[in-house]
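Residue-level listing of the chains:
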Amino acid sequence: MRRRFLTRSLLSAVVAFDLLVLAACGVEKSTGVSSPGGGQVRAPREFSGIAWLATRRRFAGPGREEEPQEVFLICHDARDNEAERDLPRLAIVRTPVDTDGIVVQELHVDFPGVPNDLESIARLPGRDEALLAESNADGDDPDPTIYLARWDKNLNVEIAGSVPWPRTPEPLVNVEATAVATVRGQDYFVYAERAQGSDTTDINMTRLTVSRSGRITFGRKWTSVSFTASEPPGARPASGLDIDAKGNLYISSAYDPGDLGPFDSAVYRAATVREGGALGAKLVPVKPPQMLARSSGLKVEGVGLVAGSFPIFIADDDEDYGGLLRQLRVTAPDGRRRHRPL
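Keep in mind that this is a model prediction, so the values were computed, not measured.

What counts and how
- Residues numbered from 1 in each chain as written.
- Predicted model: local features only at pLDDT ≥ 70, side-chain atom pairs only at ≥ 80, totals over all residues.
- Heavy atoms only, no water.
- Helix = DSSP H or I, 4+ residues; strand = E, 2+ residues; numbered from the N terminus.
- Buried < 20%, exposed > 50% of the residue type's maximum accessible area, 1.4 Å probe, protein only.
- Areas by Shrake-Rupley, 256 points an atom, 1.4 Å probe, with all protein chains shown as cover.
- Pairing = 2+ DSSP bridges.
- pLDDT = per-residue confidence, 0-100.
- Contact = heavy atoms within 4.5 Å.
- Axes fitted to C-alpha atoms, helices over the stretch in contact; angles between N-to-C directions.
- Salt bridge = Lys/Arg side-chain N within 4 Å of Asp/Glu carboxyl O.
- Core = buried A, V, L, I, M, F, W, Y, C linked by side-chain atoms within 4.5 Å.

### Some points on the overall build of the chain
Here comes step 1: When helices and strands are tallied, the chain shows 0 helices and 22 strands.
Here comes step 2: Residues classed as buried in the chain amount to 53% of the 342 residues present.
Here comes step 3: Here the chain displays about 16,000 Å² of accessible surface, and carbon together with sulfur accounts for 48% of that area.

Below you can see the structure in the form of structure tokens.
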């Protein structure tokens, strides 16, 4: 049965004093006794995956033109344990149009079971659908699952299907980077292991079919290319992934020494998806990978293009520092700014 899902509060009702949702998260306010120094500000929860949903126009105030506002679906990497089992797994995040900053709307969505460590979102090009992938959490998940999310014109999100991870060309350990590309009407699922402890990972691709009934089917044959992150030192080579309408594959690499950082990240154009090969599409590596941006101090875990093109946004899981959404300033090696896909 189709359900309409309601939002849930960003802050716990048990907080004993006045908490303001961070200006970057909207202006919602909880009740309680104010502290001597004023209200305490809380950052939003971590953003572990990102997919663009829509562009909206929002009134920006008297005498000002309407501002375009990008809307993204964000996943949180909550675990299936006593401490995190009841936390929301998804949120809708809107870019700012005024000084209130980004707007975060956590969603209460009915999953078939309790998702464990959702780390990535892969939108299906041209459709209001996306795959939400559990990471496998370093092998701690006995049955890692991929879910199909759908949304309507009002951005009401539902889970329309689920399937266990397919048999992969290498042991499934911990995946934070997934995407979907479409070549001549055929969808392809792309993923890369985060490869903790190495600067190199494989980018893997197989055929994908998603039916209107919500059935998800993966191909049995895979094709793969290698990717090495030269920067930052000690980074996990694959922490986020997206593919533009021209087949350019953008991947983030993130350094994570612990919950308090300091973090470091880079975003690369690592490969392209092209017609050809035994699957009908093939991966062609960019040699050497083209670093488009560095994000020192941030742990980028999501890469999201707007309508399959630039601008490109990043979602951050900065652990105890919380979540962050930002548009990247993408530059070429000569320092010139890039406005369009390469």
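### Considering the pairing of strand β9 (residues 145–151)
On any regular strand, side chains alternate: one points to one face of the sheet, the next to the other face.
Here comes step 1: Of all the 7 residues making up β9, 7 are buried; the element is thus mostly covered by neighbouring parts of the structure.
Here comes step 2: Taking every second residue as pointing to the same face, both faces of β9 are buried, with Thr145, Tyr147, Ala149 and Trp151 on one and Ile146, Leu148 and Arg150 on the other.
Here comes step 3: The pairing of strand β8 (residues 129–134) with β9 spans 5 bridges and is classified as antiparallel. The partner of Leu132 across the bridge, within β9, is Tyr147.
Here comes step 4: As paired strands, β9 and strand β10 (residues 157–164) are joined by 7 bridges and run antiparallel to one another. Within β10, the position partnered with Arg150 by the bridge is Glu158.
Here comes step 5: Two successive antiparallel strands, β9 and β10, enclose a turn made up of 5 residues, where Leu155 displays a positive phi of approximately 65°.

### Here's the deal with the confidence of the model for the chain
Here comes step 1: Of all residues in the chain, 85% have pLDDT values of 70 or greater, and the mean over the chain is 87.
Here comes step 2: Confidence drops under pLDDT 50 across residues 1–35; counting only partners more than four residues distant or on other chains, this segment forms 75 contacts.

### Comments concerning the sheet that holds strand β16 (residues 236–243)
Whether parallel or antiparallel, the strands of a sheet pair through hydrogen bonds between backbone atoms.
Here comes step 1: Read from one edge to the other, the open sheet built from 4 strands follows the order β16-β17-β18-β19, with strand pairing classed as antiparallel. Every interior strand has two partners, whereas the edge strands, β16 and β19 (281–294), have only one. Along the sheet, successive strands turn relative to each other by an average axial angle of 25°, direction set aside.
Here comes step 2: Bridge analysis of strand β17 (residues 248–255) against strand β18 (residues 264–275) gives 8 bridges, and the strand direction is antiparallel. The partner of Leu249 across the bridge, within β18, is Ala271.

### Some words on the pattern of salt bridges
Here comes step 1: One pass over the full model with this rule turns up 18 salt bridges.
Here comes step 2: Residue Glu46 is joined to Arg45 by a salt bridge in which the shortest nitrogen-to-oxygen separation is 3.7 Å.
Here comes step 3: The exposure class of Glu46 is buried, given its relative accessible area of 15%.
Here comes step 4: Between Asp317 and Lys299 there is a salt bridge, with the nearest N and O atoms lying 3.9 Å from each other. Of this pair, Asp317 sits in strand β21 (residues 309–317) while Lys299 sits in the loop between β19 and β20 (300–306), placing them 18 residues apart in sequence. Like Lys299, Asp317 is buried.
Here comes step 5: Among the ionic contacts, a cluster of salt bridges with common partners joins Arg236, Asp256, Lys299, Glu301, Asp317 and Glu319.

### Some points on the nonpolar core
Here comes step 1: Core analysis: the largest hydrophobic core is formed by 25 residues, its most contacted members being Ile203, Leu249, Ile251 and Val273.
Here comes step 2: Take this core: its biggest share by element is 5 residues, from β18.
Here comes step 3: Residues within four places of Ile251 in sequence aside, it is in contact with Ala192, Ile203, Phe227, Pro237, Ala238, Gly240, Leu241, Ala266, Val267, Tyr268 and Ala270.
Here comes step 4: If you look at the next biggest cluster of nonpolar residues, it comprises 21 residues, including Leu73, Cys75, Leu90 and Trp151.

### Describing the side chain of Ser135
Here comes step 1: As for its placement among the helices and strands, Ser135 is situated in the loop between β8 and β9.
Here comes step 2: Apart from residues lying up to four places away in sequence, Ser135 is in contact with Asn116, Asp117, Glu119, Val173, Asn174 and Val175.

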